Amino acid sequence: MPLYKDSSGTDHWGIGIARSTDLTNWAKVGEITPVADYEKKGLCAPGALVRDGKVHLFYQTYGNGRNDAICHAVSTDGIHFDRNPTNPIFHPAISDWSCGRAIDAEVIKFKDQYFLYFATRDPAYKIQQLGVATAPANTNFNREEWQQVDNKGPILKPELPWEGECIEGASVVERNGQLYMFYAGAYNNWPQQIGVARSTDGIHWERVQSEPFLKNGAPGTWNSSESGHPHIFANTNGKTYLFYQGNNDKGKSWFLSNVLVGWTNLGPTLTK
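Residues numbered from 1 in each chain as written. Predicted model: local features only at pLDDT ≥ 70, side-chain atom pairs only at ≥ 80, totals over all residues. Heavy atoms only, no water.

Section: the pairing of strand β17 (residues 226–234)
Relative to strand β18 (residues 240–247), β17 is paired through seven bridges, and the arrangement is antiparallel. Counterpart to Ser 227 in the pairing with β18 is Gly 246. Following β17, the chain reverses through five residues before pairing antiparallel with β18; Gly 238 in that reversal takes a positive phi of roughly 90°. (Pairing = 2+ DSSP bridges. Helix = DSSP H or I, 4+ residues; strand = E, 2+ residues; numbered from the N terminus.)

Brief notes about the side chain of Gln 193
When you line up the elements, Gln 193 lands in strand β15 (residues 193–199). Here the side chain of Gln 193 touches Asn 216 through a polar contact of 3.2 Å, landing on its backbone nitrogen. Setting aside residues no more than four positions away along its own chain, Gln 193 makes contact with Trp 162, Tyr 183, Ala 184, Gly 185, Pro 212, Leu 214, Lys 215, Asn 216 and Ser 227. (Polar contact = N/O pair within 3.5 Å; in protein donor to acceptor, adjacent residues only side chain to side chain. Contact = heavy atoms within 4.5 Å.)

Some words on the packing of aromatic side chains
Within the structure shown, the criterion is met by 13 aromatic pairs. Arranged with centres 5.1 Å apart and planes meeting at 80°, the rings of Tyr 114 and Phe 141 form a pair that is edge-to-face. Of this pair, Tyr 114 sits in strand β10 (residues 113–121) while Phe 141 sits in the loop between β11 (128–136) and β12 (147–148), and the two are 27 residues apart along the sequence. For the pair Tyr 114 and Phe 141, one class covers both residues: buried. Where Phe 115 meets Tyr 117, the ring centres are 6.2 Å apart and the plane angle is 10°; that geometry is what we call stacked. As far as burial versus exposure is concerned, Phe 115 and Tyr 117 are alike and both buried. Put simply, the rings of Phe 58, Tyr 114, Phe 141 and Trp 146 pair up and form one aromatic cluster. Here the guanidinium or amino end of Arg 121 rests over the ring plane of Tyr 125, the centre of that ring lying 4.5 Å away. (Phe/Tyr/Trp six-rings, centres within 6.5 Å; stacked < 30°, edge-to-face > 60°. Buried < 20%, exposed > 50% of the residue type's maximum accessible area, 1.4 Å probe, protein only. Lys NZ or Arg CZ within 6 Å of the ring centre and 35° of its normal.)

Focus on the environment of Trp 222
Structurally, Trp 222 can be placed in the loop between β16 (206–207) and β17. In the structure, Trp 222 is positioned 27 residues away from Asp 249 in sequence and 8.8 Å away in space, judged by C-alpha atoms. Sequence-distant contacts of Trp 222, defined by excluding residues within four places in its chain, comprise Tyr 244, Gly 246, Asn 247, Asn 248, Phe 255 and Ser 257.

Side note on the sheet that holds β12
Across the sheet, four strands lie side by side as β9-β10-β11-β12; this open sheet has antiparallel pairing. With one partner strand each, in any of the chains shown, β9 (103–110) and β12 form the two edges of the open sheet. Bridge analysis of β10 against β11 gives nine bridges, and the strand direction is antiparallel. The partner of Leu 116 across the bridge, within β11, is Ala 133.

A short note on the nonpolar core
Core analysis: the largest hydrophobic core is formed by 22 residues, its most contacted members being Tyr 117, Leu 130, Leu 156, Met 181 and Trp 205. Mapped onto this core, the elements with two or more residues apiece are β9, β10, β11, β13 (167–175) and β14 (178–185). Membership of the second largest hydrophobic core comes to 15 residues, among which are Leu 49, Val 107, Tyr 114 and Ala 133. (Core = buried A, V, L, I, M, F, W, Y, C linked by side-chain atoms within 4.5 Å.)

Thoughts on the environment of Ala 69
Relative to the helices and strands, Ala 69 resides in the loop between β6 (54–61) and β7 (70–75). Ignoring any residue separated from it by four or fewer positions in sequence, one finds Ala 69 in contact with Tyr 59, Gln 60, Thr 61, Pro 88, Phe 90, His 91 and Ala 102.

Here we look at unusual backbone geometry
Of note, the amide linkage connecting Asn 87 to Pro 88 takes the cis form, showing an omega dihedral of -15°. Tracing the sequence through the fold places Pro 88 in the loop between β8 (82–83) and β9. At the junction of Trp 190 and Pro 191, the peptide bond is cis and its omega measures out at 15° in the coordinates. Tracing the backbone shows Pro 191 in the loop between β14 and β15. Located in the positive-phi region is Asn 189, a residue other than glycine, with phi close to 65°.

Below is the structure:
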């Protein structure tokens, strides 16, 4: 994500746009920078879906702590976006498990409704965990149409040793009538690694395996500090690619890569 400077010269996160014909070679073609007051401290972590020939972008505000929330914008060309007039469109209710913050949006249509997955923190602002909201199939993604699923707690929270105090960055794909969620476990550079969970209803999730699906690299490799913040992408030719970020200097630099994912009756596998 690019950095932009405000009028005082302070750096903030923005969103970059790149284009590729082979998923390996990418060229930058645009940026999304703040146009609204709620974005003035930054915007990041975009996730997109295409509906009726338009790109719907779901992203978060940044720099507002407990008040960060999910926003929506739409584009006909994938470069120029119009903000939803009801932005921010979602943040969870403050509860005994959520401080009200929402980041890392992922939206997918499943069983005739849309599911919005988000990461939030507990009231002590220590543990990052996942929640979900839904909207009807004919939604225009406005704020009033999202209903948080009352699950009496997070749908997925850190429980395994390698997940540390954080589960975030959910990315979801449907496969044979089930949803598979690729998620980031542990905070950045702890190291962060990628796990997988599965659901038949979009709300109740079970881990596919107890070990990371994609681990950080060995010492000295480009992603030794982490392999994190996944995005699972299924192309029109039936292939599935897992995109992720990594670095080897504890976050001083960032790189993106992808790996081909195969599928068996037991779930996803890494293709070598």
